[in-house]
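Residue-level structural notes
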Amino acid sequence: MHSQFPGKKTYCIEVIKQHDGSVQVHGLSGCSSPTDMFGSTGQADHDVAWQISDAHFSLTTDFLSLFQIYYSQLPDGRVLISNYIDELIKKGADTALDDGAMAVFIRLGYFLADDTPFKHIKVLPPNATIKVDQAGLSLDIKPKHLIKTSPELSYDQAVKQYGDIFQSSVEAVLNLHPAHDIVVPISGGMDSRHILFAVEAAGKKPQHLITCNRFRPNMDADVDVAKQVCQAMGLEQQLLSQNFSDLVQQELDNFSLNSYCADENNWALPLADYFEAIEKPFVSLDGLAGDVLTANAWNDASKLALYRDEKLEQLADRILRDEGHQIDCLSEFGHQRWHVALAKEKIIDELRQYVGTFHPLGHFYLWNRAIREIGHIPRTWQGRFGVVSTPYLVKPMYDFLTSLPGEYGCGKAFHGDVIAKTYPKYANIPYAKNVGFRKADFFNRISLVKDAWRYLNTGKGSDFVDYGYLKPRLIKGLVDGKYGPSLNSSLVLPLYLTKFAKIGKSSADDLRTKSDILTKVDGGI
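Thresholds applied
- Residues numbered from 1 in each chain as written.
- Predicted model: local features only at pLDDT ≥ 70, side-chain atom pairs only at ≥ 80, totals over all residues.
- Heavy atoms only, no water.
- Helix = DSSP H or I, 4+ residues; strand = E, 2+ residues; numbered from the N terminus.
- Rg over C-alpha atoms; globule rule 2.2 N^0.38 Å.
- Buried < 20%, exposed > 50% of the residue type's maximum accessible area, 1.4 Å probe, protein only.
- Contact = heavy atoms within 4.5 Å.
- Areas by Shrake-Rupley, 256 points an atom, 1.4 Å probe, with all protein chains shown as cover.
- Lys, Arg positive; Asp, Glu negative; His and termini not counted.
- Charge placed at Lys NZ, Arg CZ, Asp CG, Glu CD.
- 1 Å grid on protein atoms, 1.4 Å probe; cavity = no way out; pocket = protein on both sides within 12 Å on 5 of 7 lines; lining within 4 Å.
- Points joined across faces, edges and corners; volume = space filled by probe spheres on them.
- Polar contact = N/O pair within 3.5 Å; in protein donor to acceptor, adjacent residues only side chain to side chain.
- Pairing = 2+ DSSP bridges.
- Axes fitted to C-alpha atoms, helices over the stretch in contact; angles between N-to-C directions.
- Parallel < 35°, antiparallel > 145°, perpendicular 65-115°, else oblique.
- Left-handed = near helix turned anticlockwise from the far one by under 90°.
- Nonpolar A, V, L, I, M, F, W, Y, C, P; charged D, E, K, R; others polar.
- Disulfide = S-S within 2.5 Å.

**Quick notes on the overall build of the chain**
Secondary structure summary: the chain contains 22 helices and 14 strands in total. In terms of overall dimensions, the chain is globule-like: its C-alpha atoms have a radius of gyration of 23 Å, near the 24 Å expected for 525 residues. Seen along its three principal axes, the alpha-carbon backbone of the chain occupies a region of about 65 × 65 × 50 Å. Burial status across the chain gives 58% buried among its 525 residues. Contacts spanning at least 24 positions in sequence make up 77% of the contacts within the chain whose residues lie at least 6 apart. Accessible area of the chain: about 20,900 Å², with a carbon and sulfur share of 51%. The centroid of the 55 positive side-chain charges in the chain is displaced by 3 Å from the centroid of its 63 negative side-chain charges.

Below, the structure is given as structure tokens:
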């Protein structure tokens with residue numbers, strides 16, 4: 001059901017420079033505008049633009065590059081562009097792996113800057129124009145829009161201004177689409193709640209108020225707290241649930257839909273199906289980046305101090321220590337090829353981009369985790385079926401939040417105060433907290449273990465995975481109900497790497513033997 005959403009066509013632009021200098025563009029049959037291909041935010045500064053003529057083709061990204069657009073130039077000169085990497089691979093894009101990029105991904109769960117798993121496939125950066133004309137392929141990248149000045153505001157003034165700008169941002173989006181149904185995905189956290197309160201304050205009522213019941217180790221009362229919010233506002237909550245008996249296939253679909261650039265998001269597959277089924281035009285308000293800018297779980301005072309002192313090597317070590325992904329499943333070959341030194345070098349390079357800003361950690365997680373990973377949900381998935389706006393990233397809101405001191409993004413106090421003081425009648429509703437462990441149903445555990453074992457052991461396996469490491473964990477997941485959700489999380493990376501092996505390697509660069517790698521990495525990379 002989920003693979004590329006059969007209800008919507010996917011596109012791959014193929015740009016060919018002719019011998020006479022003219023340019024031919026293929027692959028856009030039935031696609032009259034960038035909106036048809038990528039979707040729309042309803043905001044001009046967040047949408048994609050292109051120009052097509054016999055003499056040239058150009059495509060320009062928005063100032064945040066919210067739409068993940070991938071490109072590759074083939075050896076014969078053809079340039080491929082799509083919002084799905086699978087479409088590029090079908091057209092012959094080289095799938096040689098990028099070792100530095102993969103070293104980051106297996107530890108953090110997302111890629112940095114313009115990286116993808118593949119050396120010869122990149123994502124277009126923000127403020128970038130890719131162009132093909134008689135001179136060939138060119139890429140014009142303007143500097144990122146980074147705020148390096150801060151308003152002189154007291155804490156209370158910052159709280160007030162945040163509330164006012166956010167309310168205006170939500171109202172501006174709704175006023176652009178007065179006849180559209182309103183969709184608000186609601187959780188037990190702050191970001192979606194703030195959006196819902198702003199919709200009500202604008203005198204509007206959402207027609208679709210939806211919560212996803214996720215399969216995870218910690219059952220954090222998300223559904224119950226979201227229900228309390230809806231009941232307090234006199235609104236009806238619509239509950240969607242994952243199919244817990246089909247988690248392996250969901251993970252595999254999730255990899256493709258995220259263009260192999262995210263290890264999360266499978267919980268949102270029911271949300272994507274729901275959006276596809278909405279019949280009327282709609283505008284959805286998504287809370288993307290609200291957390292990383294004003295309630296960042298990965299931001300703390302000690303990390304911020306390292307950043308401001310420009311101790312980037314120590315900061316990279318902290319990031320790798322605090323967020324290190326589940327890499328125990330890697331084989332010796334995998335550990336050596338994707339050595340931590342490669343990841344650390346990449347992270348330091350990216351951290352350096354935001355030195356001198358007031359909210360450097362917020363920037364790092366915004367441009368990489370929020371946009372490159374979580375952003376697939378509102379943009380690539382939901383945005384194919386309607387207008388999807390991200391109020392925390394409307395330009396006035398982005399400018400304000402990234403101009404505030406980084407300390408405001410540590411913990412949840414600041415954003416909590418904004419919501420409580422802007423909408424005081426709802427200030428007593430709690431936020432979701434972890435309350436225990438979800439015990440997986442026995443039959444769901446059987447399905448999970450059986451499907452995982454079948455996929456991991458059928459056909460071509462991955463040289464990067466230690467399958468012996470997984471066997472006792474699969475058995476534990478079968479007999480221990482509380483371990484079931486944790487097992488699902490620990491299977492993500494092995495499934496991801498095994499899927500790569502099944503895709504196949506198309507470059508001689510990727511045919512190096514284990515001995516080639518292991519002998520070159522004597523004592524570290």
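**Brief notes about the layout of surface pockets**
Here the second largest pocket is characterised by a volume of approximately 320 Å³. If you go around the second largest pocket, you meet 20 residues; those closest to its centre are A113, D114, P125, P126 and K144. For the lining of the second largest pocket, the element with the highest residue contribution is helix α14 (residues 360–372), accounting for four residues.

**With respect to the environment of N368**
Its place among the elements puts N368 in helix α14. For N368, a relative accessible area of 0% gives the class buried. In the structure, N368 is positioned 255 residues away from A113 in sequence and 6.6 Å away in space, judged by C-alpha atoms. Filtering out sequence-adjacent residues up to four positions away, N368 remains in contact with Y110, F111, L112, A113, E350, Y354 and E373. At 3.0 Å, the side chain of N368 and the backbone nitrogen of A113 are in polar contact.

**Let's talk about the sheet that holds strand β6 (residues 79–82)**
Strand order in the open sheet formed by five strands is β2-β1-β6-β5-β7, and the pairing between neighbours is antiparallel. Where the open sheet ends on each side, the last strands, each with one partner, are β2 (23–26) and β7 (122–123). With four bridges joining them, strand β5 (residues 70–73) and β6 adopt antiparallel strand pairing. Across the sheet, residue Y70 finds its bridge partner in β6, namely S82.

**Side note on the packing of helix α5 (residues 190–201) against helix α17 (residues 413–422)**
Pairs of packed helices are described in terms of their axes, by the angle between the two and the distance that separates them. One way to put it is that α5 packs onto α17 with a least axis distance of 11 Å and a crossing angle of 20°. With respect to α17, the element α5 is oriented roughly parallel. For the crossing formed where α5 meets α17, the hand is left-handed. On the side of α5, the interface is formed by M190, D191, H194 and F197, while α17 contributes H415, G416, V418 and I419. Of the residues that constitute the contact of α5 with α17, the class distribution is four nonpolar, three polar and one charged.

**Points about the environment of F358**
Position of F358 relative to the elements: it lies in the loop between α13 (340–352) and α14. For the pair formed by F358 and L304, sequence separation is 54 residues and the distance between their alpha carbons is 10.0 Å. When sequence neighbours within four positions are dropped, the list of residues in contact with F358 reads I147, K148, T149, S150, R308, T402, S403, L404, P405 and G406.

**A look at the state of the cysteines**
Applying the stated criterion to the full structure yields zero disulfides. Sulfur of C212: no disulfide; nearest cysteine sulfur belongs to C230 and is 13 Å away. A relative accessible area of 9% places C212 in the buried class.

**Looking at unusual backbone geometry**
Backbone geometry places N127, a non-glycine residue, at a positive phi of 55°. Secondary-structure assignment places N127 in the loop between β7 and β8 (128–133). A positive phi is found at A289, a non-glycine position, where the angle reads about 80°. Here A289 is to be found in the loop between β13 (282–285) and α9 (290–294).

**Concerning the environment of G92**
Tracing the sequence through the fold places G92 in the loop between α2 (85–90) and α3 (99–108). Assessed through its relative accessible area of 45%, G92 is described here as partly exposed. Spatially, the C-alpha atom of G92 lies 9.5 Å from that of S72, the residues being 20 residues apart in sequence.

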